[in-house]
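Working through the structure, step by step
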Amino acid sequence: MRFCIGLVVLMGCDDSLFVPQQTFGSDWAGTREMLSVQCADCHPSGSQVLPEDDLRADRVSMPDVVHTDVCEDLGKYVVPGDLGESQLWRIVTGIRRESDPPQMPSGRSKLTDAQVADLEEWILSGADADCD
Ligand code: HEC
């Protein structure tokens, strides 16, 4: 009983660092949900993590940027079928290139292995994103 109370207090104090452990699935619905849960509090729709005069700012709304990137075939974040060419995969696994953004989610625990595995499956199976 004392353990439960302690746990609630701990999680209550520490929720900014709490990274959900559940899996979301490897289809677009699951990928979108994962990006929303893991990234959208820092990258919400319409928000700008970067300064307003920085042209990159309008590209950081998760999961919207990934949807646009895939549906317009831009290849900035995701190259369907190719993990190494997908910046999204590189920055969540830490297998970054020098020019890549820092590992994400920034300042928190990494995505779980299962969450990364689902993301990999989504990219490798063609990164379908319900474009129309
Ligand atoms: C705790 C806040 C936080 C979380 C959570 C977070 N990010 Fe970020 N993200 C940032 C900050 C701050 C920057 C700007 C970093 C910089 O350039 O030094 C950034 C930058 C980025 C960029 C670079 C933008 C661009 O187009 O150049 C991408 C891509 C990105 N984040 C993806 C993600 C993804 C994917 C997730 C979830 C797995 C995520 N972030 C979670 C804070 C966060």
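The coordinates are above.
Residues numbered from 1 in each chain as written. Predicted model: local features only at pLDDT ≥ 70, side-chain atom pairs only at ≥ 80, totals over all residues. Heavy atoms only, no water.

Some details on the pattern of salt bridges
Should the charged atoms of two oppositely charged side chains come close, the side chains can pair. Applying the stated criterion across every chain yields a total of 2 salt bridges. We note a salt bridge from Glu85 to Arg97, for which the minimum N-O separation is 3.1 Å. In this pair, Glu85 is assigned in the loop between helix H3 (64-71) and helix H4 (87-93) and Arg97 in the loop between H4 and helix H5 (113-124), connecting sequence segments 12 residues apart. What makes Glu85 partly exposed here is its relative accessible area of 40%. By relative accessible area, Arg97 is classed as partly exposed at 37%. Here Asp100 and Arg90 are joined by a salt bridge, their closest N and O atoms 2.8 Å apart. Residue Asp100 is located in the loop between H4 and H5, and its partner Arg90 is located in helix H4; the two are separated by 10 residues in the primary sequence. What makes Asp100 buried here is its relative accessible area of 7%. The class for Arg90 is buried, based on a relative accessible area of 7%. (Salt bridge = Lys/Arg side-chain N within 4 Å of Asp/Glu carboxyl O. Helix = DSSP H or I, 4+ residues; strand = E, 2+ residues; numbered from the N terminus. Buried < 20%, exposed > 50% of the residue type's maximum accessible area, 1.4 Å probe, protein only.)

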